[in-house]
Amino acid sequence: MTSLARIFLGLVLVFLYLPIVVMAAMGFNASPLYALPFDFSTHWYEELAGNGRLIEAGWNSIWLAVLTAVIATALGTLAALALWRRTFRGRAILRILLLPPIAIPWLITGTAMLVFFFWTGIGRGLHAMLIGHVALAIPYVVLVVGTGLQTLRADLEEAAMSLGSTPIHAFFRVTLPLLMPSIVGAALFAFAVSLDQFVISYFLSVPGMTTLPVEIYSAIRKGFTPEINAISTILLVASMIVILGFARFARPGGIGERS
Amino acid sequence: MPPEVGAAGLPATRRRMPPWLATAALLLPSYAWLTLAVLLPLTAMFVFSFLHATPLGNKPVVWTLEQYRAFHDQPYLLGVAWTSLAIGLWTTGICAVVGFAAALALVRATAGRTRETLLILVLLPFWTNGLVRVFSWTMVIREGGFLDVFVRWFWPSAPSLGFLYTTPAIVLGLVHGYLPYMVLTCYIALLSIDDAVIEAAQSLGARWWTVLFKILVPLAAPGLVTGAILIFVPVIGAFMEPRILGGRVGVTMGTVIEDQFTQAFNWPLGSALAFTMLAVVLAVFATFSGVLRRSAAT
């Protein structure tokens, strides 16, 4: 039974990684038409180095994701503290109001933003994308941090206060350190939501102010070149390094594992 | 902020903000942002859906309900809606079965560092670009693509198995994109099940399918439902995957709505179709709200 389960897990991983491996391999294949047999070449990476448009879009994506993660984690953590640690009227409704950005297909949210930003003069571009990405990420942050708060016993904080700690002191010395794995997890989630976000960015982009996914989409529709594989591989390796680094320091369920 | 040291003897309540003000201060930034970026746009879009034409230039504003008659006036939309729904259900169903099984295998057949590593490996593709993954599939499943090359390695005269530009191709791409969600939500739900419950069942003579369907699936139902919703909702509005993997057969509600905003420039019709889709999404939520409330309560 156990070995069967492991074989199944292996197959799932093969399924998940097959296209990624193909994508990375084709970035090193000389044929511009993705033809086989494989012929190793770094030609497409050299081409990429001269493609200012793609590189700029790549930087836009990274900056947008970093800003989104910082803003959404800060705002979302505050909201989670209120929603899970305080009782007040309307709490249930406020929790439900977190759902629209998650629950409504991005296509609808994205087109609604397009209509509204156009109409109010906010316009399109990277600033509009930031507004959109943060709004998408906030509910995820609130839910991840809220789940962390749920598993965190409130009486630890109360114990600290009954031993003479002020609420603020108790928060920074007791709650925040214990909550850190959740907050880091939430920030990662927000980063990923923004980096992979295509739909909202697509509707809010203007030529010259795009993100990598939008550039890639227009490249696919015009005719894909292995340069796209090359930049995707770079981005992939970079984000894998970031995430594996975080996984090392902020283990899932890492509360209490670090002494 | 007054210094924290030496504050121990003072009654804490006198130095605190009124509780309602503190609560409001914590909540305001997030909810103000959500209002500006999501709630107001949706309201504006709802208003737009009652217009006769996109209000640009000096065109007079004419209010009408005609956009909501689209399914009646253009019957082909019914077929498109059905395709979208079928793609959504197939994708969610396959993800549920495969994702639950993978999560179960992770929880029951692995432990410690191996389990952590495997979980990270399953979730990592989520961090890679969805578009590129979808395009990679076109290299695999097209005629003469990787799949064919692989099969002909063993059976040189095999017929082409390529199925690019079909509905199954769209489902395949979507399953690939959204499977990690289901593995994660089921994993979290399964992890919280007490081993003692399963052992008790087994010591009382329960067979594996009894354990699976009477204990594991019901106890992990919140995870399954959360995963299903996280998948079904974006899939029903997908337009990029159908365009790339579906080619000419890839006409879904998503692509029709996208066209109204980017090609046809008929914002009122696009808005009305989007709100019709929203009604379907809300119906899905209403159907499963019981399970969701149970999971939110615990």
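Residues numbered from 1 in each chain as written. Chains lettered and ligands numbered in written order. Predicted model: local features only at pLDDT ≥ 70, side-chain atom pairs only at ≥ 80, totals over all residues. Heavy atoms only, no water.

As recorded by an unreviewed UniProt entry, chain B carries the name ABC transporter permease and is attributed to Jiella avicenniae. UniProt annotates chain B under Sequence similarities (unreviewed entry) with the comment "Belongs to the binding-protein-dependent transport system permease family. CysTW subfamily." (UniProt positions renumbered as here; feature names shortened; annotations may be inferred.)

Chain A carries the name ABC transporter permease in an unreviewed UniProt entry, which gives Jiella avicenniae as its organism. Per UniProt, the comment on chain A under Sequence similarities (unreviewed entry) is "Belongs to the binding-protein-dependent transport system permease family. CysTW subfamily."

Trainee: I would appreciate a short explanation of the domain arrangement of chain A in the present structure.
Mentor: Frequently, the measure chosen for interface size is the accessible area removed from exposure when the parts meet. Residues and elements named next belong to chain A. When the domains of chain A are assigned, the result is domain 1 (1-41) and domain 2 (52-249). On the domain 2 side, the residues contacting the nine residues of domain 1 number nine residues. Here domain 1 and domain 2 share an interface that buries about 670 Å² over both sides, 68% of which is from carbon and sulfur atoms. The largest share of the area that domain 1 buries against domain 2 comes from Met 23, Gly 27 and Tyr 34, three residues that together contribute 60% of it. Along the contact surface separating domain 1 from domain 2 lie zero salt bridges. Joining domain 1 to domain 2, the criterion identifies one residue pair in polar contact (both at pLDDT 80 or more). Broken down by class, the residue content of the side of domain 1 that touches domain 2 amounts to seven nonpolar, two polar and no charged. (Domains from an automatic or database assignment. Contact = heavy atoms within 4.5 Å. Buried area = accessible area lost by both parts, 1.4 Å probe. Salt bridge = Lys/Arg side-chain N within 4 Å of Asp/Glu carboxyl O. Polar contact = N/O pair within 3.5 Å; in protein donor to acceptor, adjacent residues only side chain to side chain. Nonpolar A, V, L, I, M, F, W, Y, C, P; charged D, E, K, R; others polar.)

Trainee: Explanation requested: the domain arrangement of chain B in the structure shown.
Mentor: Under the domain assignment, chain B is made up of domain 1 (8-42) and domain 2 (75-297). Domain 1 of chain B and domain 2 of chain B are separated by 37 Å when their C-alpha centres are compared.

Trainee: Mind showing me how you'd approach the packing of aromatic side chains here?
Mentor: To describe a pair of aromatic rings, one takes the distance between the centres and the angle between the planes. Applying the stated criterion to the full structure yields 26 aromatic pairs over all chains. Where A:Phe15 meets B:Trp137, the ring centres are 5.7 Å apart and the plane angle is 40°; that geometry is what we call tilted. Of this pair, A:Phe15 sits in helix H1 (residues 2-26) while B:Trp137 sits in helix H5 (residues 130-141), which puts the two residues in different chains. According to the relative accessible area criterion, A:Phe15 is partly exposed, its value standing at 21%. When the ring of A:Phe198 is compared with that of B:Phe239, the centres are 6.0 Å apart and the planes differ by 40°; the resulting orientation is tilted. Here the residue A:Phe198 occupies a position in the loop between helix H9 (167-196) and helix H10 (199-204), and B:Phe239 occupies one in the loop between helix H10 (221-236) and helix H11 (240-246), the pair thus bridging two chains. Under the relative-accessibility criterion, A:Phe198 is labelled buried at 3%. Site record: aromatic cluster; members linked through ring pairs are A:Phe118, A:Trp119, B:Phe48, B:Phe261, B:Phe265 and B:Trp267. When the ring centre of A:Trp84 is taken as reference, the NZ or CZ atom of A:Arg95 above it lies at 4.3 Å. (Phe/Tyr/Trp six-rings, centres within 6.5 Å; stacked < 30°, edge-to-face > 60°. Helix = DSSP H or I, 4+ residues; strand = E, 2+ residues; numbered from the N terminus. Buried < 20%, exposed > 50% of the residue type's maximum accessible area, 1.4 Å probe, protein only. Lys NZ or Arg CZ within 6 Å of the ring centre and 35° of its normal.)

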